[in-house]
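Observations on chain architecture
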Amino acid sequence: MSNKKDIININKDTNLTSEKVIKLKNNNEQYFILNGKRKTYHILTYGCQMNEHDSEKIAGMLSSIGYDETSDEHNADLVIFNTCLIRENAELKVFGKLGEVKGLKRNKPDMIVAVCGCMMQKEEIRDKVLKSFSFVDIIFGTNTIHELPNLIYNVEVNKKKSVDIIDNSDLIFEDMPKSRKFNYKALVNITYGCNNFCTYCVVPYVRGREKSREPIEIINEVNALAQEGCKEITLLGQNVNSYGNNLENKFTFAKLLYELNKITGIERIRFMTSHPKDLTDDLVMAIKDCDKVCNHVHLPIQAGSNDVLKRMNRKYTKEHYLELVKKLKSAVPDIAITTDIIVGFPGETEEDFQETLDVVKKAEYDSAFTFLYSMREGTKAALMEDQIPDDIKHNRFDRLLEVLYPIVLAKNEGCIGKVYPVLVESISKTSDNFLTGRTEHFRLVHFKGSEDLIGQMVNIKITSAKTFHMEGDIVKDK
Ligand code: SAH
Ligand code: SF4
Ligand code: F3S
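Residues numbered from 1 in each chain as written. Chains lettered and ligands numbered in written order. Predicted model: local features only at pLDDT ≥ 70, side-chain atom pairs only at ≥ 80, totals over all residues. Heavy atoms only, no water.

Ranked by internal contacts, the top residues of the largest apolar core, which has 72 residues, are Ile233, Leu235, Phe253, Leu260 and Tyr321. With seven residues, helix H14 (residues 390–413) is the single largest residue contributor to this core. Beyond its immediate chain neighbours, meaning those up to four positions away, isoleucine 233 contacts Ala186, Val188, Val222, Leu225, Leu260, Ile266, Arg268, Ile269 and Arg270. Counting 28 residues, the second-largest nonpolar core is a separate cluster that includes Cys84, Leu85, Met111 and Phe133. (Core = buried A, V, L, I, M, F, W, Y, C linked by side-chain atoms within 4.5 Å. Buried < 20%, exposed > 50% of the residue type's maximum accessible area, 1.4 Å probe, protein only. Helix = DSSP H or I, 4+ residues; strand = E, 2+ residues; numbered from the N terminus. Contact = heavy atoms within 4.5 Å.)

Spelled out as structure tokens, the structure:
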């Protein structure tokens, strides 16, 4: 299906100009005049970069109706939970925090509590929140972010609990206002949803079918970002490699990279995530050809055994995957390859697990996110026999790290003595004297420097390396 006709332009077609929202804005203006400060919101974001970016849209909506952000949830007039349910512990974290906020709301009854995000796309979880956390005032879904001002109006003016989870996941809402967290780097959606139905994963059930944004919408957004001084963009999709498949005028991800590479001002282009089944030779060439596209591919393997991959519905084999790694490394010799690995998928035998270790050794990953398989209700894998006991999962997990970490450390140690451009991101969490940033390969670097370098590109000579970060010194030239 073409998604062209389904695009809704939020400013022109929907709620920011509705009567209710204008009233709400006026109320907030009145509040500002009377109190000398604006009402405040605090967003708690769980999960992946999709959610991080959705929170920027939520913040944008709130700011356009007259709210200010606060970093202190205790003082906020509106607290929003943007939730994730990818693994059980993600869900437990949200319920734990909701319990804490219950006490807060008791002391501050006017505070509005809203819950949104992937967890709210599931009816059973929504019902649980409505029943066990009855103080929650607003519930909305991943496709109803634009409705938030109306929902706030319902609570504030009509004194009504408000739930809005319409399934309009076929629509793309363009031009939603966004309050981006950083001005030097930005997240940019290129696809929404997922069609892959990996058997362990909830995402297709909560984010709907895959839809691509029109190339022109993406190019315009990145052009505008460049004009505002943004240096690094990260293109977001559950599988960026299938970008464009469902557009009326077919377009490919590789083509999109060539287009974005032309934009003056943008210095780095990143993307997340590449599904191995759809990584084309054209894309390998685009990474090689486009100077702004970072020499880094996040290429989740999930498991090394072909049996397990089949039961995961990943649609590639270990051999195909290793062939891709080889292709990437021969086209772009200094490319960094990172991955996601799940241990303890139902039916995983010791032999299957050894296959995962074998891929880790052969691919020589630059880093990896490692997960214990978590059974998710509603997925095919939850119904599979031979769920792996926790102790075996943990044992395999520990052995995986024993193989993985020395490889990652050796990769980082290989950088010692070399100079890399680093985009300075923040003050280091570990020490006040240090700044932190990343190389194009996504390696984290700590170095001494003044705070006003944040957002700048600096050259860093690497002096030492650990498993999770490297240290270095600012140098003038490469
Ligand atoms: N669309 C991306 C990432 C989706 S979620 C991709 O396909 O790569 C991020 C990671 O969470 C996945 O790559 C997978 O490794 C992990 N994950 C997803 N569901 C999981 C589950 N039920 N248990 C454990 N890990 C899971
Ligand atoms: Fe989940 Fe697979 Fe889609 Fe990634 S590609 S979001 S793992 S179903
Ligand atoms: Fe992301 Fe979690 Fe949803 S990983 S897409 S926020 S379920």
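Turning next to the sheet that holds strand S20 (residues 457–465). In sheet architecture, strand pairing relies on hydrogen bonds along the backbone and comes in two forms, parallel and antiparallel. If you walk around this closed barrel you meet the five strands as S17-S18-S19-S21-S20, and the pairing is mixed. Between one strand and the next, the sheet's axes are offset by a mean angle of 55°, whatever the strand orientation. Two elements, S20 and strand S21 (residues 470–475), share six bridges in a ladder whose sense is antiparallel. Directly across from isoleucine 460, in S21, lies its bridge partner isoleucine 474. (Pairing = 2+ DSSP bridges. Axes fitted to C-alpha atoms, helices over the stretch in contact; angles between N-to-C directions.)

Before going further, it helps to spend a moment on the site of ligand 1. Near ligand 1 you find 15 residues, and of these Arg87, Gln238, Gln302, Asp340 and Ser374 are the closest. The side chain of glutamine 238 places a nitrogen or oxygen atom 2.8 Å from a nitrogen atom of ligand 1. A distance of 2.8 Å is found between a nitrogen atom of ligand 1 and a backbone nitrogen or oxygen belonging to serine 374. Mapped onto the shell around ligand 1, the elements with two or more residues apiece are strand S15 (336–343) and strand S16 (367–372). Among the residues making up the shell around ligand 1, the classes are represented as seven nonpolar, four polar and four charged. (Near = heavy atom within 4 Å. Polar contact = N/O pair within 3.5 Å; in protein donor to acceptor, adjacent residues only side chain to side chain. Nonpolar A, V, L, I, M, F, W, Y, C, P; charged D, E, K, R; others polar.)

Turning to H14, a few remarks are in order. Because each turn of an α-helix spans 3.6 residues, side chains separated by three or four positions in sequence point in the same direction. Helix length check: H14, at 24 residues, gives a terminal C-alpha distance of 34 Å against a target of 34 Å (1.5 Å per residue), a fit within 8%. For H14, the complete set of buried residues consists of Lys393, Arg396, Phe397, Leu400, Leu401, Val403, Leu404, Ile407, Val408 and Asn412. As for H14, its buried residues are in contact with S15, helix H13 (350–363), S16, S20 and S21. (Expected span 1.5 Å × (residues − 1).)

Looking now at the packing of aromatic side chains. The description of two aromatic rings rests on the distance between their centres and on the angle between their planes. In this structure the tally under the stated criterion is ten aromatic pairs. The interplanar angle of 75° and the centroid separation of 5.5 Å between the aromatic rings of phenylalanine 345 and tyrosine 373 together place this pair among those described as edge-to-face. With phenylalanine 345 in the loop between S15 and H13 and tyrosine 373 in the loop between S16 and H14, the pair connects residues that are 28 residues apart, well separated along the chain. Relative accessible area serves as the criterion here: at 0%, phenylalanine 345 is assigned to the buried category. Residue tyrosine 373 is classed as buried on the basis of its relative accessible area of 4%. Through a chain of ring-to-ring contacts, the aromatic side chains of Phe95, Phe133 and Phe135 assemble into a single cluster. (Phe/Tyr/Trp six-rings, centres within 6.5 Å; stacked < 30°, edge-to-face > 60°.)

Distances and angles like these do not, on their own, reveal function.
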